[in-house]
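# Fold and contact review
Now for the letters of each chain:
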Amino acid sequence: MDKKIAIVTGASRGIGKEVSKQLAKSGIHIVCASRKKEDSEKTVVSIRQEGGSAESFALDVSDPNSIRTFLNDVLSKYPKIDILVNNAGVYLDSGSIENTTLEMLQGTLDTNLIGPFLLSQKILGVMKKNGYGRIVNVSSGMGQLYDMSSGYAAYRISKTALNALTRILHSESSGKDIKVNSVCPGWVRTDMGGKSATRSVEHGAETIVWAAQLDKSGPSGVFLRDKKEIPW
């Protein structure tokens, strides 16, 4: 396939669905991944109706076996992956750290950190081999050490750790045309963000889509919001 190939996790709804649709409008073939293949298929249908190119795959980013199967299936078909958007995430805890159970912490880390780690670990090698790649880790301002506050401990810790992963991937891809960045989409009106959130899904997706298509002079190894660098 002559088109660029983009993997988007959590592509069945919210920001992941919107990112998939926007990237497809740029002529990129989208590998739409979500826990159930039929859920991603709805995004694929929407993309194809607008003249884009996409296909659906099942992927549970909290399950290493699911990740292994997904990578085998995708890489056997597409040995060149140009873009990886680690978007899938969960928000399981609330209130003070005293209310955060071990199960909440482990479940949050499995999805928000370990899944992106395993996907990026494999895909970075593919990108190095091909000399090109863009990895976007969808993070949150709640993971900023610069402005760390109380509450939501599991979610905050997972996003801070995801930012550390961004820095490591960036450092290990130096010398190649590979960009790795974290993006805070802001408070977005999704199932996770809720109806009171201040940003539309389209607004939330904008910087992610931009970071996924940076040219060679674009930033790497940084934390972005609204296409500008913010403190870690």
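Below, the structure is looked at part by part. Keep in mind that what you see is a predicted model, and the values were worked out from it rather than measured.

Parameters at a glance
Residues numbered from 1 in each chain as written. Predicted model: local features only at pLDDT ≥ 70, side-chain atom pairs only at ≥ 80, totals over all residues. Heavy atoms only, no water. 1 Å grid on protein atoms, 1.4 Å probe; cavity = no way out; pocket = protein on both sides within 12 Å on 5 of 7 lines; lining within 4 Å. Points joined across faces, edges and corners; volume = space filled by probe spheres on them. Helix = DSSP H or I, 4+ residues; strand = E, 2+ residues; numbered from the N terminus. Buried < 20%, exposed > 50% of the residue type's maximum accessible area, 1.4 Å probe, protein only. Pairing = 2+ DSSP bridges. Right-handed = clockwise from strand over helix to strand, strands pointing away.

Right, let's get into the layout of surface pockets. Of the volumes computed, that of the largest pocket is approximately 970 Å³. Lining the largest pocket are 37 residues, with G89, Y155, T190, M192 and G193 sitting closest to its centre. Ranked by residue count, the leading element in the lining of the largest pocket is helix α1 (residues 14–24), at three residues.

Within strand β5 (residues 132–138), seven of the seven residues are buried, which leaves it mostly tucked inside the rest of the structure. The two faces of β5 match: Y132, R134, V136 and V138 on one face and G133, I135 and N137 on the other face are all buried. Pairing of strand β4 (residues 83–86) with β5 involves four bridges; the strand directions are parallel. Along β5, the bridge assignment pairs V85 with V136. Pairing analysis gives seven bridges linking β5 to strand β6 (residues 177–183), with the strands arranged parallel. Its bridge partner lying in β6, N137 is registered against S182.

Further remarks concern the pairing of β6. Of all seven residues making up β6, seven are buried, and the element is well covered by its neighbours. Side chains D177, K179, N181 and V183 of β6 all project onto a buried face; the interleaved residues I178, V180 and S182 project onto the opposite face, where all are buried too. In terms of handedness, the path from β5 via helix α5 (residues 153–172) over to β6 forms a crossover that is right-handed. Across two bridges, β6 lies against strand β7 (residues 223–225) in parallel orientation. What sits directly across from S182, in β7, is F223.

Position of S171 among the secondary structure elements: in helix α5. Note on S171: relative accessible area 46%, which makes it partly exposed. Separated by 67 residues in sequence, S171 and M104 place their C-alpha atoms 31 Å apart.

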